[in-house]
Amino acid sequence: MGRKKANRGESLMTLYLKYRPTCLEDIVGNCSTVEALKSLSRMPLESLPHSYLFSGPTGCGKTTLARILAKNILQCSDFDFQELDVADFRGIETIRDIRRTMTLKPLKGKTRVWLLDECHKLTNDAQNAMLKALEDTPSHVYFILSTTEPNKLIPTIVNRCLRFQVHKLSRREMIKLLKRIAKLEYNSKIEIHLLSEIASTSEGSARKALTTLEKVMALNDPESMLKAIREEQFNENKSVIDLCRALYHPQANWENVRKVLLDLENEDHEKIRKAVLGYFANVLMSKHDMLAHLIIQLFKEPFYDSGFPGIVSACFEVFAQSKEVMKHDNSDVPY
Ligand SMILES: Nc1ncnc2c1ncn2[C@@H]1O[C@H](COP(=O)(O)OP(=O)(O)OP(=O)(O)O)[C@@H](O)[C@H]1O
Ligand SMILES: [Mg+2]
C-alpha cells in the first residue's frame, strides 16, 4: 500500500475509508479467503462461478473483499457495478428490478456485478425471488452477497454460492494493520503499547480499530490517548453500562434492570459478561465495595450453557441480594 496523498478532500475522509484495501495484497489476515480469491484471479473469466457469498462478523473485510472480487477479478467497470445495501431495500421489488435489468449488456467491459450487502435482511419472498435470479443468471452477470448472519438466508441461496468465511482479525494482525496505517498517516507518532491497546479493544473489527486510532490521534499526550481508548470501549458498551448502573443503583428496581436487559437480548452474552466484569473491577479498584464484589462473583464464570437466560438470572440474583449487601456497605454510584 503506497502513501496516499492527503489532498483537501481526503484529509476529511474517515481513516477506514481512506485506507480500504483495493487489492488482495493489502488485506490483512483472512489468508485462506485471500488465497482462494487469488486462485480465482488466475482462472479465465468464463470459468468463474456466478454467485458468491461472504459471511462473517462486522468490520473485518466482507465489503472490501467483495469489491476487490468485483473490480479486480470479475473485471467489472464502475458503470456496471451496483452495490445495494439491502437493509434499505428489503422487499421483493428490489430483486424484481434486478431481474428485469440484468439481461441488459454491460456498458463497458464484459461483466455486470451486483453486490447485495446485508443480504440476510431480504424478506422471505425477496430471497425466493433472488434464488430464481441466481438460477437463471445471464452469462455476463455475477452476484456477490455479503452478510453477518448467513443463518438467516434460505439454505438454497447459500448452496448456490461459492462461500467465503471472513474472520475477525487476530490481535497480531490488528497491530500489523494499525502500525502500517499509523506510519502512513501519522508518521508513526503513536506509542506501540497504545496500538496494542486499540487492538485489544477492537474485538477483531478493523473498522472499529481504525476509528479509534483516528480519534486518539487528535489528542496530544499518551495518557489522554489511553484514556480515550478506554472510553471508546465504554461508549461501545453503553447498554451494558446502563445495566451496570441499574444493578448498582442504591434503590435497585427490577423494572429498570428488566428494561435494560431487553435492549441487550441480542448481544453476545460473553461480551456482556466481560463488560460487566470490567465495570465492577474498576469500581473495586477505586474503593472497598461489597456489591461490586458480589456482582463479580456472580459474573465470573462464562454462561456457556445458559446463555442470555443465565445473565438474566445473575442480574436477578444481584437485585435480590443487593439490599442485604448494601446494608453493610456505604456505596455511591461510581460512574
Ligand atoms: N482484512 C482487512 N485488512 C485491512 N483492512 C481491513 C480489513 N477488514 C476491514 N478493513 C478495514 O475496515 C473497513 C471496513 O471493512 P468492511 O466494510 O469491508 O467490513 P465488513 O466486513 O463489510 O463490515 P460490515 O459487516 O459492517 O458491513 C475497511 O474500509 C478497511 O479500511
Ligand atoms: Mg459490509
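Once a new chain begins, its residue numbering starts again from 1 and follows that chain's sequence as written. For this description, chains carry letters from A and ligands carry numbers from 1, given in the order in which they are written. In keeping with the model being predicted, local features are shown solely for residues with a pLDDT of at least 70 and side-chain atom pairs are shown and tallied solely at 80 or more, while totals for entire chains, interfaces and linings include all residues. For side-chain calculations, the full set of non-hydrogen atoms in the structure is used, while hydrogens and water are omitted.

> Is there a simple way to think about the site of ligand 1 in this case?
The rule for a residue being near a molecule or strand is that one of its heavy atoms must lie within 4 Å of it. Close to ligand 1 lie 21 residues; Y16, T58, G59, K62 and T64 are nearest. Two N or O atoms form a polar contact when they lie within 3.5 Å of each other; inside protein one atom must be a possible hydrogen donor and the other a possible acceptor, and for residues adjacent in sequence the pair counts only when both atoms belong to side chains. With respect to ligand 1, the side chain of K62 contributes an N or O atom lying 2.7 Å from an oxygen atom. About the coverage of ligand 1: the protein hides 95% of its 630 Å² of free accessible area. The helix count covers DSSP runs of H or I at least four residues long, the strand count covers runs of E at least two residues long, and both are numbered beginning at the N terminus. Listing elements by their share of the shell around ligand 1, those giving two or more residues are α4 (62-73) and α10 (206-216). Think of it as three bins: nonpolar holds Ala, Val, Leu, Ile, Met, Phe, Trp, Tyr, Cys and Pro, charged holds Asp, Glu, Lys and Arg, and polar takes everything else, Gly as well. Looking at side-chain class alone, the shell around ligand 1 contains 11 nonpolar, six polar and four charged residues. Using the Shrake-Rupley algorithm and a 1.4 Å probe, accessible areas are obtained, with residue cover drawn only from the displayed protein chains.

> For this particular structure, what's the right way to read the nonpolar core?
One recurring pattern in soluble globular proteins is that nonpolar side chains are buried together. Side-chain atoms within 4.5 Å link the members of a nonpolar core, which is a set of buried Ala, Val, Leu, Ile, Met, Phe, Trp, Tyr and Cys residues. Per-residue accessibility, obtained with a 1.4 Å probe over protein chains only, is compared with the maximum for each type, and a residue is labelled buried under 20%, exposed over 50%, and partly exposed between these values. I144 and L213 are the most contacted members of the largest nonpolar core, which has 51 residues in total. Of all the elements, helix α8 (residues 171-186) adds the most residues to this core, at eight residues. Residue contacts for L213: discarding those within four places in its chain leaves L15, L178, I181, A182, Y186, I190, L195 and I198. V240, Y248, L291 and V318 belong to the second-largest nonpolar core, a separate cluster that totals 31 residues. The contact criterion used throughout is that any non-hydrogen atoms of two residues lie within 4.5 Å.

> It is not clear to me how the packing of aromatic side chains should be interpreted in this structure. Could you clarify?
Aromatic ring pairs are described here by two measures, namely the spacing of the ring centres and the angle between the planes. Pairing of aromatic rings covers Phe, Tyr and Trp, the last counted by its six-membered ring, and requires centre-to-centre distances within 6.5 Å; plane angles under 30 degrees mean stacked, over 60 mean edge-to-face, and any other angle means tilted. All chains considered together, the criterion is met by eight aromatic pairs. Judged by centre distance (4.9 Å) and plane angle (65 degrees), the rings of Y279 and F280 are edge-to-face. Among the residues examined, F280 registers a relative accessible area of 0% and is labelled buried. Among the aromatic residues, ring-to-ring pairing joins Y248, Y279 and F280 into one connected group.

> Got a minute to help me understand the sheet that holds strand β1 (residues 51-55) in this structure?
Think of a sheet as strands paired side by side through backbone hydrogen bonds, with each pair either parallel or antiparallel. By definition, two strands form a pair when at least two bridges between them are found by DSSP. Read from one edge to the other, the open sheet built from five strands follows the order β2-β3-β4-β1-β5, with strand pairing classed as parallel. Edge positions in the sheet fall to β2 (81-85) and β5 (162-165), since each of these pairs with one other strand and no more. Along the sheet, successive strands turn relative to each other by an average axial angle of 15 degrees, direction set aside. Looking at chain direction, strand β3 (residues 112-117) and strand β4 (residues 141-147) are connected through six bridges and run parallel. The residue of β4 that forms the bridge with L115 is I144. Most of the contacts of helix α5 (residues 92-101) go to β3, to which it runs at about 170 degrees, and overall it touches β2, β3 and β4. Only the stretch in contact is used when a helix axis is fitted, and all axes are lines through C-alpha atoms; the angle between N-to-C directions ranges over 0 to 180 degrees. On top of the sheet, helix α6 (residues 124-135) reaches β1, β3 and β4; it is set at about 140 degrees to β4, its chief contact.

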